[in-house]
Amino acid sequence: QLQLVESGGALVQPGGSLRLSCTAPGFTFDASVVGWFRQAPGKEREGVSCIGSHGDTRYVDSVQGRFTISRDSAENTVYLQMNRLKPEDTGVYYCAMRRAYQPTCVPVSGNFNTWGQGTQVTVSS
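Criteria and cut-off values
- Residues numbered from 1 in each chain as written.
- Predicted model: local features only at pLDDT ≥ 70, side-chain atom pairs only at ≥ 80, totals over all residues.
- Heavy atoms only, no water.
- Disulfide = S-S within 2.5 Å.
- Helix = DSSP H or I, 4+ residues; strand = E, 2+ residues; numbered from the N terminus.
- Buried < 20%, exposed > 50% of the residue type's maximum accessible area, 1.4 Å probe, protein only.
- Pairing = 2+ DSSP bridges.
- Axes fitted to C-alpha atoms, helices over the stretch in contact; angles between N-to-C directions.
- Salt bridge = Lys/Arg side-chain N within 4 Å of Asp/Glu carboxyl O.

Description of the state of the cysteines
Considering all chains together, one arrives at two disulfides under this definition. What pairs with Cys22 in a disulfide is Cys95, and their sulfur atoms sit 2.0 Å apart. The sign of the S-S torsion, about -75°, decides the handedness of the disulfide formed by Cys22 and Cys95: left-handed. Of this pair, Cys22 sits in strand E3 (residues 18-23) while Cys95 sits in strand E9 (residues 91-99); the two residues are 73 residues apart in sequence, bridging distant segments of the chain. Of the residues examined, Cys95 reaches a relative accessible area of 0% and is grouped as buried.

This is the structure in structure tokens:
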């Protein structure tokens, strides 16, 4: 059964960096679209970034220039590198995927059908 496992969440000071990882034990991310989402306390889940099956990437405006999504096929892992973190980046971060040959992507929940359990990111001094 396909499952996604996120890791890397932590407490970090404003301006700091974190790298989140998403793996799919027993499966690969080949021919898949993968996205990162987050949910802050009391708010709805929002898309952060995604990477298409051919490597095309998308970011929401609030993280553009600070976050980088990447896929390492050898490690079968999708990463979200987060730099210059802000308190408003706090939330539970979820990895999501959909098996599809889809070169482009949009980080909208309805475009994904498999989700991880999430990892907590807290940005605070």
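Comments concerning the sheet that holds strand E8 (residues 77-82)
As summarised here, the arrangement of the four strands in space is E1-E3-E8-E7, forming an open sheet in which the pairing is antiparallel. Two strands in the sheet have a free side with no partner beyond their single neighbour: strand E1 (5-7) and strand E7 (67-72). Ignoring which end each strand starts from, the neighbouring axes of this sheet average 15° apart. Summarising the sheet, E1 and E3 pair through three bridges and their orientation is antiparallel. Counterpart to Glu6 in the pairing with E3 is Cys22.

Topic: the pattern of salt bridges
Taken as a whole, this structure holds four salt bridges when the rule is applied. Asp89 is the partner of Arg66 in a salt bridge, and the nearest nitrogen-oxygen pair spans 2.8 Å. Here Arg66, found in the loop between strand E6 (57-59) and E7, pairs with Asp89, found in the loop between E8 and E9; they are 23 residues apart in sequence, far enough to count as distant. For Arg66, a relative accessible area of 6% corresponds to the buried category. The class for Asp89 is buried, based on a relative accessible area of 0%. Among the charged side chains, a salt-bridge network with shared partners connects Arg38, Glu46, Arg66 and Asp89.

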